[in-house]
Amino acid sequence: VLPIDKSQWMTSHDVVAGLRRTLGIKKIGHAGTLDPMATGLLLVLIGRATRISQYLVGLSKCYRGTMKLGVSTDSHDIEGKVVAVGNAENITVDMIKDMAKNFIGDQLQTPPMFSAKKINGKKLCDLARKGKVVDRDPQFIRVHSLEITDHRGDEIDFFVHCSKGTYVRTLVNDLGERLQCGAHLISLCRTTVGNFTIENALTLEEIEKMSIGEVADKLIPPWEAIPSQIVNQNLSACD
């Protein structure tokens, strides 16, 4: 397992393709997609480690982000088209903090149309680009914490700790709707996945300057990457 610090506007597939070229290894995947506009921690799986993807994609994640009040987009972030403009002049930080508390806990979230989620074998984002909107079943998510950390006018910084499958940009959109002013995500950085942290991640540029031996020293063995509670559960099932 190789923790990567993904650059903005790269897709998760771009990261995998770049590593295949650099390392000369074909069998490479990842555990948990990041949107192109998002930066931060992407867990890359190399060789036999691709087999443990199922144990890593379900780990909880932490993000730092910034939302902009007063504007809603169809993708819920800066990549989308503006669909509504509201008035955020009277929205205070205390109001935002109070409303954010309503999003903490177990809940159902409807996936956005602009997402890689598939319905009947077709990606929602491909349908959305054709102007189509289809019914999506709400998905269970858990938000462990959602904190407002700073603000600059209508730009609000936040930190969120959430379960797998959570669309942070949709959290932002829904928060804007509750505040009746609209909001969209303008930046996002994934800082942790389970016990993995961005501080120990490498950029593609750094890896390109390293020898194969130096990269090998940074790899985390699969048995160390799988959370201990999962290992214990599997061992108990075998008893």
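How would you summarise the overall build of the protein chain if you had to cite specific residues and measurements?
Summing up its helical and strand segments, the protein chain has 9 helices and 13 strands in all. Considered along the principal axes of its C-alpha atoms, the protein chain spans approximately 55 × 45 × 40 Å. Sequence separation of 24 or more characterises 69% of the internal contacts of the protein chain that already satisfy a separation of 6 or more. Put simply, the protein chain shows about 12,900 Å² of open surface, and 49% of that area lies on carbon and sulfur atoms. Charge-centre separation for the protein chain: the mean point of 29 positive side chains lies 9 Å from the mean point of 28 negative side chains.

Mind laying out the nonpolar core, listing which residues take part and the relevant values?
Side chains of nonpolar character tend, in soluble globular proteins, to be buried together. Judged by nonpolar contacts, the single largest core of 29 residues is most densely connected at Leu 69, Ile 96, Phe 158, Val 160 and Leu 179. The set of elements that each furnish at least two residues to this core consists of strand E4 (61-69), helix H3 (93-100), strand E10 (139-152), strand E11 (155-162), helix H5 (168-178) and strand E12 (183-193). Among the nonpolar cores identified, the runner-up in size contains 15 residues, and Met 10, Ile 28, Leu 204 and Ile 207 belong to it.

Can you tell me about the state of the cysteines, naming the residues and giving the values?
Summed over the entire model, instances satisfying the criterion amount to 0 disulfides. The thiol of Cys 62 is not disulfide-bonded; the next cysteine sulfur, from Cys 162, is found 7.5 Å away. What makes Cys 162 buried here is its relative accessible area of 1%.

Explain the packing of aromatic side chains to me, and be specific about the residues and the numbers.
The final tally for this structure, using the stated rule, is 0 aromatic pairs. Note that Arg 178 overlies the ring of Phe 103, its terminal NZ or CZ placed 4.9 Å from the centroid.

An account of the environment of Gly 165 is requested, with residue identities and associated values reported.
The residue Gly 165 is located in the loop between E11 and H5 in this model. Its relative accessible area of 52% is what places Gly 165 among the exposed residues. Residue contacts for Gly 165: discarding those within four places in its chain leaves Gln 109 and Ile 141.

Go over the side chain of Lys 61 with me, naming the residues and quoting the values.
One can find Lys 61 in strand E4. Within the buried set, Lys 61 has no salt-bridge partner at all; the shortest N-O distance to an opposite charge, 12 Å, is to Asp 35. For Lys 61, the side chain forms a polar contact with the main-chain oxygen of Val 57, separated by 3.1 Å. When near neighbours in sequence (up to four residues on either side) are disregarded, Lys 61 contacts Val 160, His 161, Cys 162, Lys 164, Arg 190, Thr 192 and Val 193.

Give a detailed account of the confidence of the model for the protein chain, specifying residues and quantitative values.
Mean pLDDT over the protein chain stands at 91; residues scoring 70 or higher make up 95%. In the predicted structure, residues 235-239 sits below a pLDDT of 50 and forms 0 contacts with residues beyond four places in sequence or in another chain.

Lay out the pattern of salt bridges with the relevant residues and their values.
Overall, the coordinates contain 6 salt bridges when judged by the stated rule. As a salt-bridge pair, Lys 101 and Asp 98 come within 3.7 Å of each other at their nearest N and O atoms. According to the relative accessible area criterion, Asp 98 is partly exposed, its value standing at 45%. One salt bridge connects Asp 106 with Arg 142, and the closest N-O pair in it is separated by 2.4 Å. Of this pair, Asp 106 sits in strand E7 (residues 105-109) while Arg 142 sits in strand E10, and the two are 36 residues apart along the sequence.

Before we move on, could you go through the pairing of strand E3 (residues 39-46) and cite the residues and values that matter?
The element E3 is extensively covered by neighbouring structure, given that 7 of its 8 residues are classed as buried. Note: strand E1 (residues 2-6) against E3, 5 bridges, orientation antiparallel. In the strand pairing of E3, Lys 6 is matched with Gly 40. Alignment of strand E2 (residues 28-30) against E3, held across 3 bridges, turns out to be antiparallel. When the bridges of E3 are listed, Ile 28 appears paired with Ile 46. With 2 bridges joining them, E3 and E12 adopt parallel strand pairing. In the strand pairing of E12, Gly 40 is matched with Arg 190.

Analysis parameters
- Residues numbered from 1 in each chain as written.
- Predicted model: local features only at pLDDT ≥ 70, side-chain atom pairs only at ≥ 80, totals over all residues.
- Heavy atoms only, no water.
- Helix = DSSP H or I, 4+ residues; strand = E, 2+ residues; numbered from the N terminus.
- Contact = heavy atoms within 4.5 Å.
- Areas by Shrake-Rupley, 256 points an atom, 1.4 Å probe, with all protein chains shown as cover.
- Lys, Arg positive; Asp, Glu negative; His and termini not counted.
- Charge placed at Lys NZ, Arg CZ, Asp CG, Glu CD.
- Core = buried A, V, L, I, M, F, W, Y, C linked by side-chain atoms within 4.5 Å.
- Buried < 20%, exposed > 50% of the residue type's maximum accessible area, 1.4 Å probe, protein only.
- Disulfide = S-S within 2.5 Å.
- Phe/Tyr/Trp six-rings, centres within 6.5 Å; stacked < 30°, edge-to-face > 60°.
- Lys NZ or Arg CZ within 6 Å of the ring centre and 35° of its normal.
- Salt bridge = Lys/Arg side-chain N within 4 Å of Asp/Glu carboxyl O.
- Polar contact = N/O pair within 3.5 Å; in protein donor to acceptor, adjacent residues only side chain to side chain.
- pLDDT = per-residue confidence, 0-100.
- Pairing = 2+ DSSP bridges.

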